[in-house]
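Spelled out from the first residue to the last, the chains are:
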Amino acid sequence: MTRPKYVASCSGGKDSVATLLLAAQHNEPLDEAVFSEVMFDKNTSGEVPEHRDFIYDRLKPFCEKELGIKFTILHADKTYDEVFHHVITRGPHKGEVRGFAWAGMCAVNRDCKIPPVRKYNAALSPDTVSYVGIAEDEPKRLARLDGVKKVSLLAKYGMTEVDAYKLCQEHGLLSPIYTHCRRNGCWFCPNASDSELLHMVTKHPDMFDRLIEWENEDNIFHRRMTRRETPSEVKARLLSKSQTGFPSPKSK
């Protein structure tokens with residue numbers, strides 16, 4: 001009888017990468033790591049550029065060459081460009097272009113992140129075991145796992161979020177995003193912190209300015225990037241504020 005397939009969901013963040021390292025250290029079965037990459041448009045990743053490079057240039061080769069497992073990168077049919085420029089077909093704003101994703105109701109997660117994962121999971125054998133990067137000190141999230149088909153190796157081996165951070169750091173597999181933020185997310189995320197937004201404004205101004213170009217298009221329903229500000233307002237505020245006013249991100 002063949003054993004089930006073991007797959008690890010991998011965002012490239014500390015918890016999911018620590019899961020890969022634990023599997024290797026403890027000889028846990030692992031066949032494949034899966035990463036769902038949101039695209040800004042057909043040619044531009046929705047990942048913060050440094051994190052995107054970490055995934056492609058460091059993590060993927062590590063999995064394939066050192067761990068000997070497959071590293072699969074999934075993409076949805078839709079990009080953020082298409083989500084933003086969707087024309088509303090009903091209601092009081094019919095005919096207007098949707099605009100930026102709403103904070104707390106992310107159409108990007110719904111249309112660009114989740115669909116390829118669901119499609120991938122639907123093609124798996126029913127006995128497939130999925131490793132999920134949830135740390136021991138996240139009891140509410142751990143409670144959602146059944147411990148059989150969805151398993152946390154971090155919890156199994158008593159690893160907290162801080163432990164996961166240190167483990168990745170020790171192996172040179174800590175994403176560079178942690179130098180300016182506590183989490184990884186799309187570079188145009190409406191829930192991004194000021195430190196994340198400042199990073200894009202100062203380190204990748206050409207990319208951020210594309211959001212300002214969209215903001216200034218005609219017939220846009222939702223022009224605010226965050227709950228209160230348009231991209232141009234975000235940029236103006238952050239550039240006028242001393243960078244010393246932004247605390248350095250710390251791991252939990």
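Rules used in this analysis
- Residues numbered from 1 in each chain as written.
- Predicted model: local features only at pLDDT ≥ 70, side-chain atom pairs only at ≥ 80, totals over all residues.
- Heavy atoms only, no water.
- Phe/Tyr/Trp six-rings, centres within 6.5 Å; stacked < 30°, edge-to-face > 60°.
- Helix = DSSP H or I, 4+ residues; strand = E, 2+ residues; numbered from the N terminus.
- Expected span 1.5 Å × (residues − 1).
- Buried < 20%, exposed > 50% of the residue type's maximum accessible area, 1.4 Å probe, protein only.
- Contact = heavy atoms within 4.5 Å.
- Polar contact = N/O pair within 3.5 Å; in protein donor to acceptor, adjacent residues only side chain to side chain.
- Pairing = 2+ DSSP bridges.
- Axes fitted to C-alpha atoms, helices over the stretch in contact; angles between N-to-C directions.

Asks: So what's going on with the packing of aromatic side chains? Residues and values would help.
Replies: Across all of its chains, the model carries twelve aromatic pairs by this definition. Consider the rings of Y80 and F188, whose centres lie 4.1 Å apart with planes at 10 degrees: the pair is stacked. Of the two residues, Y80 is situated in helix α3 (residues 80-84) and F188 in the loop between α7 (161-170) and α8 (194-203); the sequence distance between them amounts to 108 residues. Ring geometry for W102 against F221: centres 6.0 Å apart, planes inclined by 45 degrees, an arrangement best described as tilted. Remark: F221 occurs in strand β7 (residues 220-222) and W102 occurs in the loop between β4 (97-99) and α4 (107-122); sequence separation between them is 119 residues.

Asks: How would you sum up helix α1 (residues 14-25)? Please name residues and give values.
Replies: End to end, α1 covers 16 Å across twelve residues, agreeing with the expected 16 Å (1.5 Å per residue, within 8%). Counting buried positions along α1 gives ten out of twelve residues, so the element sits mostly inside the fold. The set of residues buried in α1 consists of K14, D15, S16, V17, A18, T19, L20, L21, L22 and A23. Residues of α1 that are buried sit in contact with β1 (6-9), β2 (32-36), α2 (49-67), β5 (129-131), α6 (153-156) and α7. Downstream of α1 by a residue or two, N27 has a phi angle that is positive, lying close to 55 degrees.

Asks: Account for the side chain of H222, naming residues and giving values.
Replies: Along the chain, the position of H222 falls in strand β7. From its side chain, H222 meets the backbone oxygen of R224 in a polar contact 3.4 Å long. Once residues within four sequence positions are removed from consideration, H222 is found in contact with V97, R98, G99, F100, A101 and W102.

Asks: Outline the sheet that holds β2, supporting the account with residue identities and numerical values.
Replies: The sheet built from five strands is open, its strands ordered β3-β2-β1-β5-β6 with parallel pairing. Both outer strands of the open sheet, β3 (70-74) and β6 (150-151), are each paired with one neighbouring strand and no more. Across five bridges, the pairing between β2 and β3 is parallel. Following the sheet pairing, A33 is matched in β3 by F71. Running at roughly 140 degrees to β3, α2 makes contact with β2 and β3 of the sheet. Of the strands in this sheet, β1, β2 and β3 touch α4, which is tilted by about 150 degrees from β2.

Asks: Talk me through the side chain of D15; I want residue IDs and the actual numbers.
Replies: Here D15 lies in helix α1. Among the residues examined, D15 registers a relative accessible area of 11% and is labelled buried. Every residue in contact with D15, bar those within four places of it in the chain, is listed here: G133, E138, L154, E161 and A164.

Coordinates in, geometry out; function isn't part of it.
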